[in-house]
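One-letter residues, chain by chain:
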Protein chains: 2
Amino acid sequence: MLINVPETVVADALRGMAAAHPELTVDIENRVVVRRDAPVAGKVGLVSGGGSGHEPLHGGFVGRGMLSAACPGEVFTSPVPDQLVRAAAAVDSGEGVLFVVKNYTGDVLNFEMAAELAEEEGVRIAKVLVNDDVAVTDSLYTAGRRGTGATLFVEKIAGAAADEGAPLERIEAIGRQVNESSRSFGVALSACTTPAKGSPTFDLPPGELELGIGIHGEPGRERRRMMTSHEIADFAVDAVLDDLRPRGPVLVLVNGMGATPLLELYGFGAEVHRVLAERRVPVARTLVGNYVTSLDMAGASVTFCQVNEELLRLWDAPVNTPALRWGC
Amino acid sequence: MLINVPETVVADALRGMAAAHPELTVDIENRVVVRRDAPVAGKVGLVSGGGSGHEPLHGGFVGRGMLSAACPGEVFTSPVPDQLVRAAAAVDSGEGVLFVVKNYTGDVLNFEMAAELAEEEGVRIAKVLVNDDVAVTDSLYTAGRRGTGATLFVEKIAGAAADEGAPLERIEAIGRQVNESSRSFGVALSACTTPAKGSPTFDLPPGELELGIGIHGEPGRERRRMMTSHEIADFAVDAVLDDLRPRGPVLVLVNGMGATPLLELYGFGAEVHRVLAERRVPVARTLVGNYVTSLDMAGASVTFCQVNEELLRLWDAPVNTPALRWGC
């Protein structure tokens, strides 16, 4: 690993973000990444966070048209309430703050506690829980479905609505709508290695893959001998469509887990499009790349979000963050 | 690997690019990726290309303010002259075309041949050779220094000049100036695996790293026991500065080789900034991410480009490509 010592990995990364992105305010000691121009008058704030190791999620999505602030926890560990309360205070213009929470037990508890503390300090808080992963119900760290790739859709689309000046209740409703319209499924071709452990977090022999993997390496549905990109796309897309049953165009995220080359991700994206065409699901937009990762895990996930005209307009709206940027 | 069969990896990726990027024209059969609006009247065309496996280089850099077209070869294999001639014809508005060529023997020969053929067809061609890697002189596939990370700087800055309507000779001069003002150094923490071979292309035991690696796994300067991010930054930055000796601010590219998590890359970026501050080299801009990769190799490279006001203005100019996008 390209690190100093495991204990400083998150702080080191925040120092690097501060150096590379003068448009962000990075509080390294308290682990909060904030838009430099926050709070923006009249605008609802958007705050997310979660364990580190999924970069660019969430810090890379802070900026105009997406998150107001992000709070990284230790690797694969929830941020603490104090971080989230600080972030909420830093971005609240008086219009309130939406918390975007991935469905992991620790995250849910800590965001809940932070919401209570922030409300006591006079910040109105609403929450959207992201639980898009159809692979399994209940899992390591999770009651219900896990939150994965749809987080990007929720943060982008709710962020655009906030940018347009929508009130907190409306942004919360849009965030929930996006989550309810989204489903994901991921596969691992290799395990990931956390800095603290220094060796793979689970055992996945070469020549096998895990279908339905979680973004911390949580077990999926089944393990098989290696499949082709064609076969994996059939399996993953059908797993999502069986649950989502879209009746309209979808946003497509073909997401790399970290170590799969972009060359392979684009090839997999072609297979995902093939299956969608065979299932007569129209595609509105496609994003291919490493967005919701699992350290150095090889593999990929697919996320679809069924969109109407309003959601598509918000998806296309300008965004200016380190990892997602268009229209401005 | 997330592939079908090795033989279709490049074509599959091009199908995926076509599906994800309607703003590009992707000729899958002939392997040419072109801006949809090419040729742009009055604008010089910029064409680059090279072996696949370094994505997003070069196809991900096609669009407004950067490349007009890119030609992917097989994995780690030069594109053939016919691809380059087609690309030149597709983007020439009558103002001529600049070829951006990384210094590998096959690339140099094939771009040279393509230039002759295109000139015979009436397209004026100029060339910029990129040879920024200070690790070694002469190497597998290369006479002289290898071309690596500076390719991004040349394509971005020359592309911006072309966008402004500069004539071919001026764009060629700017491209050469950028190359001469840039140097790189890379390290590998693991080998990469090509689809055709299916196993690591060289032997690098866990717990060791290769200092001065090439983007195809060519040998570097030396192999050592694993070093910290701090130590690697000291070594890599000094290797670049010893050769570049900048007398002014630099652009900084902290580039991932493919499998190193963004969390680690940002931490490494912090160390790179620390060394630059110790050496009293001012930083104008910093880019952190996977831009010039080597399939699934773990590791990173640093590239610095000394800039004056003009080059910095062109760096900041709007760019709208799949992998690099700002200001539009």
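This structure is a prediction, so every number in the text was calculated from the model and none was measured.

A. Summary view of the domain arrangement of chain A. Residues and elements named next belong to chain A. Partitioning chain A into structural domains gives domain 1 (10–180) and domain 2 (182–315). Just the C-alpha atoms count here: the centres of domain 1 and domain 2 sit 23 Å apart. Taken together, the contact pairs 37 residues of domain 1 with 39 residues of domain 2. Between domain 1 and domain 2 the total buried area reaches about 3000 Å² when both faces are included, carbon and sulfur atoms providing 64% of it. When the buried area of domain 1 at its contact with domain 2 is split by residue, F76, V134 and F153 rank highest and sum to 21% of it. Counting every contact that joins domain 1 to domain 2 gives three salt bridges. The salt bridge partner of E310 is R170, with a shortest N-O separation of 3.8 Å.

B. Local environment of the side chain of R35 of chain B. Residues and elements named next belong to chain B. As for its position among the elements, R35 is in strand β2 (residues 32–35). You can call R35 buried: its relative accessible area is 8%. One polar contact links R35 to D37, side chain to side chain, over a distance of 2.9 Å.

C. Here's a closer look at helix α5 (residues 168–180) of chain A. Residue and element names in this part refer to chain A. With 13 residues, α5 extends 18 Å from end C-alpha to end C-alpha; this agrees with the ideal 18 Å at 1.5 Å per step. Buried within α5 are the following residues: L168, I171, E172, I174, G175, V178 and N179. Angular distribution of buried residues about the axis of α5 spans 165 degrees; they occupy a single face of the element.

D. Structural detail: the environment of R64 of chain B. All names here are of chain B. Along the chain, R64 falls in the loop between β3 (45–52) and β4 (69–75). Residue class for R64 comes out partly exposed when judged on its relative accessible area of 37%. Counting along the chain gives 138 residues from R64 to F202, while the straight-line C-alpha distance between them is 38 Å. Filtering out sequence-adjacent residues up to four positions away, R64 remains in contact with R35, D163, P318, V319, N320, T321 and C328.

E. Quick peek at the interface of chain A and chain B. Opposite the 48 residues of chain A that make contact, chain B presents 48 residues. Regarding the contact of chain A and chain B, the summed buried area is about 3900 Å², with carbon and sulfur atoms giving 65% of it. Sorting the residues of chain A by area buried against chain B places L2, L263 and Y266 of chain A first, and these three jointly supply 22% of that buried surface. Where chain A touches chain B, the interface holds two salt bridges.

F. Examining the relation of the copies chain A and chain B more closely. For these two chains of identical sequence, chain A goes onto chain B by a turn of 180 degrees and a shift of 0.0 Å along the axis, with RMSD 0.0 Å. The operation mapping one copy onto its partner corresponds to a two-fold rotation axis. Closest approach to the rotation axis among the C-alpha atoms of chain A is made by A259 of chain A, whose C-alpha sits 2.0 Å away. Of the interface residues in chain A, 100% have counterparts in chain B that sit at the interface too, so the contact is made through matching surfaces.

G. Main features of the packing of helix α6 (residues 229–244) of chain B against helix α7 (residues 262–278) of chain B. All names here are of chain B. Two elements in contact, α6 and α7, have axes whose closest approach is 9 Å; the angle formed by their N-to-C orientations is 50 degrees. One element, α6, and the other, α7, form an angle in the oblique class. Remark: the crossing between α6 and α7 carries right-handed chirality. Taken together, the residues of α7 that come into contact with α6 (itself represented by S229, H230, I232, A233, D234, V237, D238 and L241) are G267, F268, E271, V272, R274, V275 and L276. A per-class count over the contact of α6 with α7 returns eight nonpolar, three polar and four charged.

H. The environment of V26 of chain A, seen in detail. Inspection of the secondary structure puts V26 of chain A in strand β1 (residues 24–27). With 44 residues separating them along the chain, V26 of chain A and A70 of chain A place their C-alpha atoms 9.7 Å apart.

I. Structural context of unusual backbone geometry. Of note, the amide linkage connecting A38 of chain B to P39 of chain B takes the cis form, showing an omega dihedral of -5 degrees. Within the secondary structure layout, P39 of chain B lies in the loop between β2 and β3. Cis geometry marks the peptide bond from E55 of chain B to P56 of chain B; its omega dihedral reads 15 degrees. Looking at where P56 of chain B falls in the secondary structure, it is placed in the loop between β3 and β4. At D138 of chain A, a residue that is not glycine, the phi angle is positive and equals roughly 60 degrees. Structurally, D138 of chain A is set in the loop between β6 (125–130) and α4 (150–163). For D138 of chain A, a relative accessible area of 45% gives the class partly exposed. The phi dihedral of L295 of chain B falls on the positive side, at around 50 degrees, and the residue is not glycine. One can find L295 of chain B in the loop between β11 (283–289) and β12 (299–306). A relative accessible area of 2% places L295 of chain B in the buried class.

Criteria and thresholds
- Residues numbered from 1 in each chain as written.
- Chains lettered and ligands numbered in written order.
- Predicted model: local features only at pLDDT ≥ 70, side-chain atom pairs only at ≥ 80, totals over all residues.
- Heavy atoms only, no water.
- Domains from an automatic or database assignment.
- Contact = heavy atoms within 4.5 Å.
- Buried area = accessible area lost by both parts, 1.4 Å probe.
- Salt bridge = Lys/Arg side-chain N within 4 Å of Asp/Glu carboxyl O.
- Helix = DSSP H or I, 4+ residues; strand = E, 2+ residues; numbered from the N terminus.
- Buried < 20%, exposed > 50% of the residue type's maximum accessible area, 1.4 Å probe, protein only.
- Polar contact = N/O pair within 3.5 Å; in protein donor to acceptor, adjacent residues only side chain to side chain.
- Expected span 1.5 Å × (residues − 1).
- Arc of directions from axis to C-beta.
- Least-squares fit on C-alpha atoms with pLDDT ≥ 70 in both.
- Axes fitted to C-alpha atoms, helices over the stretch in contact; angles between N-to-C directions.
- Parallel < 35°, antiparallel > 145°, perpendicular 65-115°, else oblique.
- Left-handed = near helix turned anticlockwise from the far one by under 90°.
- Nonpolar A, V, L, I, M, F, W, Y, C, P; charged D, E, K, R; others polar.

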